[in-house]
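# Descriptive analysis of the structure
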Amino acid sequence: MTCRKIESNVADLLFEPDTVPAPVQAHVKECADCRRELADLRSTIKLMDAWQAPELSPFFDTRLQARLREERNSPPAGFFERLSARLLFNSNAHLRPIAATALTVALVVGGATYAGFSGWRQPPQTSATVRDLQSLDNNHQVFQQLDSLDQDDDDDSAPSAN
Ligand SMILES: [Zn+2]
């Protein structure tokens, strides 16, 4: 009996130990590695059982929709905002993944360039790390908006190849 054979019985060992063949049970009793593995899995499962998904605020959807409407209707300020709005809210749904990628690249490259310029002469107010985190956060928001837009599309039309 080898450790590899135990792997195919892991689920049974965890949930229905009585149904596991005797040789497997014997191996687990003797093999410290397998015992540790099982203990780890048990504690993971215990954690997952205890975890509860946070409840969404009942106003979350309403606020999100309102914000999206605001974003759509407000005149974008600069070139970059206009570009991102165009990429985000255009009807070319099939281009969105590409648009998101382009936007991400633009944010990363732009952020790096900006950090390079401002760090050249005077010390920057915020560190490059903070800016990176901010641009990551921006990206995250972009993706969230894309997701919610995709969901809107799903509601409106028949299920597609997605
Ligand atoms: Zn083992």
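Thresholds, definitions, all that
- Residues numbered from 1 in each chain as written.
- Predicted model: local features only at pLDDT ≥ 70, side-chain atom pairs only at ≥ 80, totals over all residues.
- Helix = DSSP H or I, 4+ residues; strand = E, 2+ residues; numbered from the N terminus.
- Contact = placed C-beta atoms within 7 Å.
- Expected span 1.5 Å × (residues − 1).
- Buried ≥ 20, exposed ≤ 12 C-beta atoms within 10 Å, placed from the backbone.
- pLDDT = per-residue confidence, 0-100.

### Quick word on the overall build of the chain
Across its full length, the chain carries 8 helices and 0 strands. Secondary structure elements of the chain, listed N to C terminal, follow the sequence α-α-α-α-α-α-α-α. Excluding contacts between residues fewer than 6 apart, the proportion of contacts in the chain whose partners are at least 24 apart in sequence is 47%.

### Focus on helix 5 (residues 60-73)
Given 3.6 residues per turn, any residue in an α-helix points the same way as the ones three and four places further on. With 14 residues, helix 5 should cover 20 Å at 1.5 Å per step; its first-to-last C-alpha distance of 20 Å lies within 8% of that length. Along helix 5, only 0 of the 14 residues are buried, which leaves the element largely exposed.

### Observations regarding the confidence of the model for the chain
On average, the chain scores 75 in pLDDT, and the residues at 70 or more come to 69%. At the low end of the mean pLDDT range in the chain sits helix 7 (residues 96-118), at 66; at the high end sits helix 3 (residues 22-30), at 90.

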